[in-house]
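What the coordinates show
This is what each chain is made of:
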Amino acid sequence: MKRRCFIHTTGGALFAANALPTAAGESEAAMQEKFHISVAAWSWHKMFFNGEIKQIDQPKLAREAGATGLELVNAFFPSPQYSYLKKLMKTAESEGIRILLIMCDDEGDFSSPDFREQRQAIVNHRKWIDIAAVLGCHSIRVNAGEKHISPDEDMKTAAASFYELCQYARQYGLNVIIENHGQRTEDPKWLAKLIETVAAPNFGTLPDFGNFPQGTDLYKAIETLMPYAKAVSAKCYDFDEKGNETKIDFSRMMDIVLKAGYQGFVGVEFEGDRMSEIEGTKAGVKLLQRIQAGS
C-alpha cells in the first residue's frame, strides 16, 4: 500500500503536468494543429536487439526524426527502478520529447479460460501502469490474448479482465488501449465490440494502419476503430521518390483519422527492410509533417 501511495503521489502529479489531452478534450493550443507526431520505439527494434542503441537513446532519436512524442516498448526497459525512470524522463524532457505510452507484450493472456492465467495477466500489467504513471504517460497498450473457445466466449473473458485493469488504471488517470495486433483483434468489428462491452471511459483502441490480415480493407477497418481511438499508429514500410508510403495511402488514412475528430499523437512505426530504421522513421515523420501542413 505504501508503494502504491508513493507512485500515486509522484507519478500522478507528473501525469497531470505532462499528459496530452485526447480527442475527447483537447486544449486550445492542441486544437491549433490537426495532430501531433510521435515515434513508436519499435521502429528501431533491429538496432536495439543488435546492441546498437539503448532505450535511453530513443528520446534523442525521436527528436532527430522530427517528432515530439515517443511510444515505449516494455521489452526495451533495462530496469524498472525509480532512479532509472527518473533518468529516462529527464532525458526525454531535455530532448523536448513527451513519453506517451508503453506498449506491453508477453505479459499474459487476458482471454484465457484458465482463471489463474487470466488473473496473472491482470497482475503482470499493473506494474506497467505504475511505471507509465511515473513517466507521465497517458496509456499502456495491451494485447487481448490468444484465440481459445469462440469469439463471444473469448470476448466475455477478456472484457471482465480489462474492466478490472481499467479500474486500476483510473487511479492515475491512465488509459488502457488495444491495438489491432494479432489474434481476435485482427477483426475490427470484434475489437470495437470489445471496447463497447467493457464500457470503461479509459478503455479504447490504438488503430494501426497495417496490422490486418491480407485482403482486409485497411481503410474501412481503421474507420471502424477510430471512434474509440486514444492513440494512432502510422505503420509504414517503404517510400517512393516523392516520399509517399508505397503500401498505404497515408493521405486517405489521415483523412479518416481527422474526420473521426482525433487530434492527439499519430505515431510513426517503421517496419521496412529496404531503408535503414533511422531513414525509414524520418521518412514517416516527414510524410506526416507534409499532411499536417496540408500539402
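Attention here is on the structure that accompanies the text. Since the structure is predicted, the reported quantities are computational estimates derived from the model, not experimental observations.

1. Remarks on the sheet that holds strand 7 (residues 232-236)
Taking strand neighbours across the sheet as the criterion, the eight strands line up as 6-5-4-3-2-1-8-7 in an open arrangement whose pairing is parallel. The open sheet is flanked by strand 6 (203-206) and strand 7, the only strands paired with a single partner. The average undirected angle you get between the axes of adjacent strands in this sheet is 30°. Here strand 1 (residues 36-40) pairs with strand 2 (residues 69-73) via three bridges, running parallel. Residue pairing for strand 2: Val-39 is matched across the bridge by Leu-70. In the packing of helix 11 (residues 277-292) onto the sheet, the strands contacted are strand 1, strand 7 and strand 8 (265-270), and the crossing angle to strand 8 comes to about 150°.

2. Focus: empty space enclosed by the protein
The final tally for this structure, using the stated rule, is two cavities of 30 Å³ or more. Roughly 40 Å³ of internal volume is contained in the second largest cavity. In terms of lining, the second largest cavity is formed by Trp-44, Leu-61, Glu-64, Ala-65, Ile-278, Thr-281 and Lys-282. Each residue belonging to the lining of the second largest cavity can be placed in one class, and the counts come to four nonpolar, one polar and two charged.

3. Quick word on the packing of aromatic side chains
Counted by the stated rule, this structure contains 10 aromatic pairs. Taking 6.1 Å as the distance between ring centres and 70° as the angle between the ring planes, the aromatic pair formed by Trp-42 and Phe-49 counts as edge-to-face. Each ring, one from Phe-48 and one from Phe-49, has its centre 5.3 Å from the other, and the planes form 80°; the classification is edge-to-face. Judged by relative accessible area, Phe-48 falls into the buried class, the value being 17%. Here a set of aromatic residues connected by ring pairs shows up, and it is made of Trp-42, Phe-48, Phe-49 and Phe-76.

4. Points about the packing of helix 4 (residues 58-65) against helix 11
One way to put it is that helix 4 packs onto helix 11 with a least axis distance of 9 Å and a crossing angle of 50°. Considering the angle they form, helix 4 stands oblique to helix 11. Between helix 4 and helix 11, the residues in contact are Leu-61, Glu-64 and Ala-65 and Ile-278, Thr-281, Lys-282 and Val-285, respectively. Its residues placed into classes, the contact of helix 4 with helix 11 shows four nonpolar, one polar and two charged.

5. Notes on the environment of Ala-159
Mapping Ala-159 onto the fold places it in helix 7 (residues 151-170). Residue classification places Ala-159 among the buried residues on the basis of a relative accessible area of 7%. Residues Ala-159 and Ile-195, spaced 36 residues apart in sequence, show a C-alpha to C-alpha distance of 8.1 Å.

6. Considerations on the side chain of Asn-143
Inspection of the secondary structure puts Asn-143 in the loop between strand 4 (139-142) and helix 7. Judged by relative accessible area, Asn-143 falls into the buried class, the value being 19%. There is a polar contact of 2.8 Å between the side chain of Asn-143 and the side chain of Asp-105. One polar contact links Asn-143 to Arg-141, side chain to side chain, over a distance of 3.4 Å.

Cut-offs and rules
- Residues numbered from 1 in each chain as written.
- Predicted model: local features only at pLDDT ≥ 70, side-chain atom pairs only at ≥ 80, totals over all residues.
- Heavy atoms only, no water.
- Pairing = 2+ DSSP bridges.
- Helix = DSSP H or I, 4+ residues; strand = E, 2+ residues; numbered from the N terminus.
- Axes fitted to C-alpha atoms, helices over the stretch in contact; angles between N-to-C directions.
- Contact = heavy atoms within 4.5 Å.
- 1 Å grid on protein atoms, 1.4 Å probe; cavity = no way out; pocket = protein on both sides within 12 Å on 5 of 7 lines; lining within 4 Å.
- Points joined across faces, edges and corners; volume = space filled by probe spheres on them.
- Nonpolar A, V, L, I, M, F, W, Y, C, P; charged D, E, K, R; others polar.
- Phe/Tyr/Trp six-rings, centres within 6.5 Å; stacked < 30°, edge-to-face > 60°.
- Buried < 20%, exposed > 50% of the residue type's maximum accessible area, 1.4 Å probe, protein only.
- Parallel < 35°, antiparallel > 145°, perpendicular 65-115°, else oblique.
- Polar contact = N/O pair within 3.5 Å; in protein donor to acceptor, adjacent residues only side chain to side chain.

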